[in-house]
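Summary of the model geometry
Residue-level listing of the chains:
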Amino acid sequence: MEVERPEQFTNADVILGGGLCGLLLAVELATRLRQSDRKIIVVEATGGEVPRRDLERPFRWLRLLGSEADYNHPTQPCEALAGRQIMWPRGRGWGGSGRINSMIWFPPTETDIANLVDVLREHDGDVPSKLNSALEQAKSWIRPEPARWLSGSGRLFLDAMKDADQCQFAAYDRLNRGGRRWTAWQAVSELLQQNPQAGQGLSFVRADVHSLRIQDGQATDLVWADRSTSRLDDDCQVISCLGTIGSPTLLQRSGHQVTGLGENLHDHLIMPVIHGTDSDILTDDVTDARSLASWQHSGAGRIACNVAECGGLDPDQRWQLHVTPTDYLRFPNSQRRGAMTIGVNVTQPKSRGRIRWTADEMSIETGYWNDSKDRDQLLAGVHWVRELVSRSRLATVLGAETIPGAKRTSDAALIAAMQRYTQTLYHPAGTCALGDVVDSQFKVRGLNNVRMVDASLLPKPTVGNPTATLAMLTCYAANRIA
Ligand SMILES: Cc1cc2nc3c(=O)[nH]c(=O)nc-3n(C[C@H](O)[C@H](O)[C@H](O)COP(=O)(O)OP(=O)(O)OC[C@H]3O[C@@H](n4cnc5c(N)ncnc54)[C@H](O)[C@@H]3O)c2cc1C
């Protein structure tokens, strides 16, 4: 299965990037192979080894940030956030960012579907129903799981919010299998076991890609990080699934110019509202025999906690909440006391940043709050969280608000706190937007044999967490490409 990188690719779909979209696309294409000698070759970066317990146990995912499995990209200091430099985690190794993410399954909303239909309908009819079928197809690989354990804080929050006006807060479904992290690599394993014939067309290469050599609109060679090359025969196509940062920089390093490349970068920025609680301090280093046995035998118990356990949208879908039974700013490092974090983010930020590759260096400008309406809407979101707390049982059960802090009441003080404490929600996307850089057949504009399928395609932010929408888009793309 895993092969050396070839000197020449012949009669192959060469998928660059073995993350969520790359691997799902590979299994989807493999099941549709019409020519028995056509090959699908997936190339994933080297490295990314981390302890198995950190990968498998949902509760330990925050330990993966900054680890070998995380590119941990530095972004440019952001003036709007008081000059803070925010690090952007992105996953490395088979499964990509799905190896280090917080495993929330959030189904695409009508807005998400509409945003894609807008750009896909140019070359296709009845896109909404095709996207819905693609979502079912994606779910058949992923099979998202209901939460197998909910902390006291999670239960308290959901119970207190039962009567919140038209909000549908719930425990999030998980990208888990039996209480363990699911990555798209599992889809590959399943395909190989259940449909070995389809699996025969697949092979996997571990190598770091630098760029493409391009002549007259045709990618002729793959250039590796050590600058050696592999020839791409005319019957090959390259499909970049290198992600929001990897895909635009691949084209930039290749010298390909297309309007909008690296622009339109969007991300969700989350503001934690933290309260002390009387509950126990939760640690992700669970060692008691009972919890270990419960998780090992039935995938249940504390170890199956994904930290960002529950939440949901307000009725107008302006904000999403993520509730954790921890002090999110300290966890998994030592916490002084029990805490509950209610993180709030604007679902459809208008601000845009960009990624550039110049003089062998990458620069990520996050663009946070370039449009000041995003800041104002986040501020309104913090007020909304305070209102939800004060109008519910939480007001009597929770301790004082520590972040932004009960004493911060004026908008100016709250904005100062937001500048200091907001965090990425890890959803950067949009840098090779569908309709601009990539056409509705998933072809990179100006190139005959290069396509792209990954988070860089999303023209607008997803309303909630993006994996479900991306998995749907990938299965739709497989139908178009096969
Ligand atoms: C910490 C974190 C938490 C998140 N939490 C959630 C969540 O709870 N729910 C949710 O829906 N979404 C979540 N996300 C977002 C979600 O994981 C991503 O949107 C999704 O994985 C993106 O898929 P992708 O295929 O575009 O990119 P990726 O999955 O990142 O795949 C890109 C692949 O390309 C490879 N690659 C890049 N450059 C090269 C190169 N030069 N050579 C070879 N290979 C290369 C990478 O190693 C990687 O495997 C989270 C993300 C992170 C980082």
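Worth saying up front: this structure is predicted, and the values here are computed from it rather than measured.

With respect to the sheet that holds strand β13 (residues 218–224)
Overall, mixed pairing links the four strands, which are arranged β1-β14-β13-β12 in an open sheet. Only two strands of the sheet have a single partner each, and these edge strands are β1 (8–9) and β12 (209–215).

As for the environment of H297
Along the chain, the position of H297 falls in helix α9 (residues 289–298). Taking relative accessible area as the criterion, H297 reaches 72% and is therefore assigned exposed. Taking the C-alpha atoms as reference, H297 lies 46 Å from E365; in sequence the two are 68 residues apart.

A few points about the pattern of salt bridges
Under the definition given, this model contains 30 salt bridges. For R121, the salt bridge identified is with D118, shortest N-O distance 3.5 Å. Judged by its relative accessible area of 51%, R121 is exposed. Classification of D118 by relative accessible area gives partly exposed; the value is 45%. The shortest N-O distance in the salt bridge between D376 and R375 comes to 3.0 Å. The class for D376 is partly exposed, based on a relative accessible area of 36%. What makes R375 partly exposed here is its relative accessible area of 27%.

Examining unusual backbone geometry
A cis amide bond links F331 to the next residue, P332, at an omega of 5°. Positionally, P332 belongs in the loop between β18 (319–324) and β19 (339–346). Of note, the bond from I403 into P404 is cis; its omega dihedral lies within 30 degrees of zero at -5°. Assignment of secondary structure puts P404 in the loop between β22 (401–403) and α12 (411–421). Notably, R143 is not glycine yet its phi reads approximately 45°, a positive angle. Within the secondary structure, R143 sits in the loop between α4 (127–142) and α5 (152–160).

Section: the packing of aromatic side chains
Scanning the entire structure with this criterion turns up eleven aromatic pairs. Ring plane angle 25° and centroid distance 5.7 Å describe the contact between F59 and F331, whose orientation is recorded as stacked. Highlighted residues: F59 in the loop between α2 (52–56) and β4 (73–74) and F331 in the loop between β18 and β19, separated in sequence by 272 residues. Geometrically, the ring pair formed by W61 and Y426 is edge-to-face, given 6.0 Å between the ring centres and 90° between the ring planes. Highlighted residues: W61 in the loop between α2 and β4 and Y426 in the loop between β23 (423–424) and β24 (450–452), separated in sequence by 365 residues. Since its relative accessible area comes to 2%, W61 is described here as buried. The partly exposed category is assigned to Y426, whose relative accessible area is 21%. An aromatic cluster is defined as three or more aromatic residues linked by ring pairs; in this entry it consists of F157, F169, W319 and W384.

Definitions and limits used
Residues numbered from 1 in each chain as written. Predicted model: local features only at pLDDT ≥ 70, side-chain atom pairs only at ≥ 80, totals over all residues. Heavy atoms only, no water. Pairing = 2+ DSSP bridges. Helix = DSSP H or I, 4+ residues; strand = E, 2+ residues; numbered from the N terminus. Buried < 20%, exposed > 50% of the residue type's maximum accessible area, 1.4 Å probe, protein only. Salt bridge = Lys/Arg side-chain N within 4 Å of Asp/Glu carboxyl O. Phe/Tyr/Trp six-rings, centres within 6.5 Å; stacked < 30°, edge-to-face > 60°.

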